[in-house]
Amino acid sequence: MAGDVDSELPPRRAGEIWTDGEHEQLVEWLRDGVALDEIADRLGRGISAVESRCHRLLPPDVQCRRSEADLLLRQFLAEDPDFDWRAGLRAAAEREGGFYWDPSLDALVRHGWDTQQPLAELVAATGASELEVARRCLHLGLAPTVITVAQRLGCAPDGTLAVRVLMAEDRAAAAVWVLVVDGARTTSRAKGLDAPDGPKAYRHVSIHATAEDADDTLHDLLDRHNEHGGDPEEVSVTLAQRAVGDLVGGTTTHGRPLIPS
């Protein structure tokens with residue numbers, strides 16, 4: 001019975017984005033003649049997902065049934081040791097409005113970032129757009145925002161990235177900081193948060209133009225809390241940055257406050 005339940009579970013990596021390393025491993029196993037079900041098991045993917053991936057690795061002008069894609073791909077790999085299986089991935093990404101990044105292109109981006117190579121040169125070297133290079137910098141952990149990318153590498157003044165930077169700067173300028181303090185004495189009662197047979201709940205909520213203003217208010221609340229015999233461990237704090245119209249997102253920090261000096 002337990003085996004039946006296990007057989008109904010989805011593959012452990014079902015739905016996850018395929019990495020270039022997985023594609024490379026798939027190609028290697030196809031060259032070695034590993035059966036498709038064994039490849040699927042090794043990758044933690046469903047057989048249909050592996051068939052679909054084999055179909056994407058074929059040359060863009062080749063048409064076949066997905067169920068036959070692995071057989072045709074094995075044939076291409078056997079006939080041509082230098083078969084460019086990434087060409088199919090690049091073409092598929094382009095059709096879908098994206099860009100396929102492989103390790104060699106990532107290396108160019110990393111080097112360009114380290115040496116502050118102009119973004120225009122990175123665009124020419126990789127074949128990606130300014131925005132795609134900027135997004136890759138974020139994905140690789142090189143920069144926290146597109147603003148940082150534009151500041152370090154530059155960008156075309158009338159390009160898409162420049163527009164995104166202006167939008168991000170406007171959004172940041174319109175952002176506010178929301179301070180929520182729970183458990184601090186002398187703040188407002190929050191009866192709806194009272195736990196059964198627990199202590200009375202108190203909550204403070206305020207909006208500030210800067211994080212510094214919010215921090216000043218927090219320290220005032222903690223000072224009053226301590227003056228009324230409160231313990232700092234009773235207080236929890238959430239400080240969130242929100243732009244106008246945000247329901248979720250922005251920068252949020254949670255935790256217990258430091259004891260004010």
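This text follows the structure it describes.
The structure displayed is predicted, hence computed values, not measured ones. (Residues numbered from 1 in each chain as written. Predicted model: local features only at pLDDT ≥ 70, side-chain atom pairs only at ≥ 80, totals over all residues. Heavy atoms only, no water.)

Chemist: Residues and numbers for unusual backbone geometry, please.
Modeler: One non-glycine residue with positive phi stands out, namely Q116, at about 55 degrees. Residue Q116 is classed as partly exposed on the basis of its relative accessible area of 46%. At T186, a residue that is not glycine, the phi angle is positive and equals roughly 80 degrees. Mapped onto the elements of the fold, T186 is located in the loop between β1 (176–182) and β2 (188–189). Looking at T186, the relative accessible area reads 41%, which means it is partly exposed. (Buried < 20%, exposed > 50% of the residue type's maximum accessible area, 1.4 Å probe, protein only. Helix = DSSP H or I, 4+ residues; strand = E, 2+ residues; numbered from the N terminus.)

Chemist: Give me the packing of aromatic side chains: which residues, what numbers.
Modeler: Considering all chains together, one arrives at two aromatic pairs under this definition. Ring centres of F76 and F83 lie 5.3 Å apart, and the angle between their planes is 25 degrees; on these two criteria the pair is classed as stacked. Judged by relative accessible area, which is 24%, F76 ranks as partly exposed. Accessibility expressed as a relative area gives 11% for F83, which makes it buried. We note R42 situated over the ring of W29; from NZ or CZ to the ring centre the distance is 5.0 Å. Here R152 stacks its cationic end above the ring of W113, 4.9 Å away from the centre of that ring. (Phe/Tyr/Trp six-rings, centres within 6.5 Å; stacked < 30°, edge-to-face > 60°. Lys NZ or Arg CZ within 6 Å of the ring centre and 35° of its normal.)

Chemist: Mind laying out a negative patch on the surface, listing which residues take part and the relevant values?
Modeler: A surface patch of like charges, here negative, comprises E212, D213, D215, D216, D220, D223 and E227. Topologically, D220 is positioned in helix α12 (residues 211–227). (Patch = residues over 30% accessible without salt bridge, like charges linked within 9 Å, V, L, I, M, F, W, Y side chains within 5 Å. Areas by Shrake-Rupley, 256 points an atom, 1.4 Å probe, with all protein chains shown as cover. Salt bridge = Lys/Arg side-chain N within 4 Å of Asp/Glu carboxyl O. Lys, Arg positive; Asp, Glu negative; His and termini not counted. Charge placed at Lys NZ, Arg CZ, Asp CG, Glu CD.)

Chemist: Mind laying out the environment of L142, listing which residues take part and the relevant values?
Modeler: As for its placement among the helices and strands, L142 is situated in the loop between α9 (130–139) and α10 (146–153). Distance from L142 to W113, taken between C-alpha atoms, is 7.4 Å for residues 29 residues apart in sequence. Apart from residues lying up to four places away in sequence, L142 is in contact with V109, R110, W113 and C137. (Contact = heavy atoms within 4.5 Å.)

Chemist: Give a description of the packing of helix α7 (residues 103–114) against α10 that names residues and reports values.
Modeler: Where α7 contacts α10, the two axes come as close as 10 Å, and the packing angle between them is 65 degrees. As the angle between them shows, α7 and α10 are arranged roughly perpendicular. Contact residues: G112, W113 and D114 in α7; T148, V149, R152 and L153 in α10. Looking at the contact of α7 with α10 residue by residue, the classes come out as three nonpolar, two polar and two charged. (Axes fitted to C-alpha atoms, helices over the stretch in contact; angles between N-to-C directions. Parallel < 35°, antiparallel > 145°, perpendicular 65-115°, else oblique. Nonpolar A, V, L, I, M, F, W, Y, C, P; charged D, E, K, R; others polar.)

Chemist: Report on the pairing of β1, specifying residues and quantitative values.
Modeler: Summarising the sheet, β1 and strand β4 (residues 236–242) pair through seven bridges and their orientation is antiparallel. By the bridge assignment, D182 is partnered in β4 with S236. Of the strand pairs in this sheet, β1 and strand β3 (residues 202–208) are connected by six bridges, and their pairing is antiparallel. What sits directly across from L179, in β3, is S206. (Pairing = 2+ DSSP bridges.)

Chemist: Summarise the pattern of salt bridges; cite the residues concerned and give the values.
Modeler: As enumerated under the stated definition, the model contains nine salt bridges in all. With a shortest N-O distance of 2.9 Å, R42 and E38 are connected by a salt bridge. Of this pair, R42 and E38 both sit in helix α3 (residues 36–43), four residues apart, roughly one helical turn. Given the relative accessible area of 37%, R42 is considered partly exposed. Relative accessible area serves as the criterion here: at 32%, E38 is assigned to the partly exposed category. Between D182 and R203 there is a salt bridge, with its nearest N and O atoms 2.6 Å apart.

Chemist: Talk me through the nonpolar core; I want residue IDs and the actual numbers.
Modeler: Counting residues in each nonpolar core, the largest one holds 23 residues, and the members touching the most others are L26, I39, V50 and L73. Taken together, the elements giving at least two residues each to this core come down to α2 (20–31), α3, α4 (47–57), α5 (69–79) and α6 (86–95). Apart from residues no more than four positions distant in its own chain, V50 is found in contact with W18, L26, L36, I39, A40, L43 and R45. (Core = buried A, V, L, I, M, F, W, Y, C linked by side-chain atoms within 4.5 Å.)

Chemist: I'd like to hear about the pairing of β3, residue by residue, with values.
Modeler: Here β2 pairs with β3 via two bridges, running antiparallel. Residue pairing in the sheet places S188 in a bridge with R203 of β3.

Chemist: Residue-level account of the state of the cysteines, with values.
Modeler: One pass over the structure, following the stated rule, counts zero disulfides. The closest cysteine sulfur to the non-disulfide-bonded C54 is located on C64, 9.5 Å from its own sulfur. (Disulfide = S-S within 2.5 Å.)

Chemist: I'd love a proper account of α6, names of residues and values included.
Modeler: When α6 is considered as a whole, its buried residues turn out to be R86, G88, L89, A91, A92 and A93. Tucked inside the fold, the buried residues of α6 contact α2, α4 and α7. Phi turns positive one or two residues past the end of α6, at G97, with a value near 80 degrees.

Note that every value here comes from positions in space, so none of it alone points to a role or purpose.
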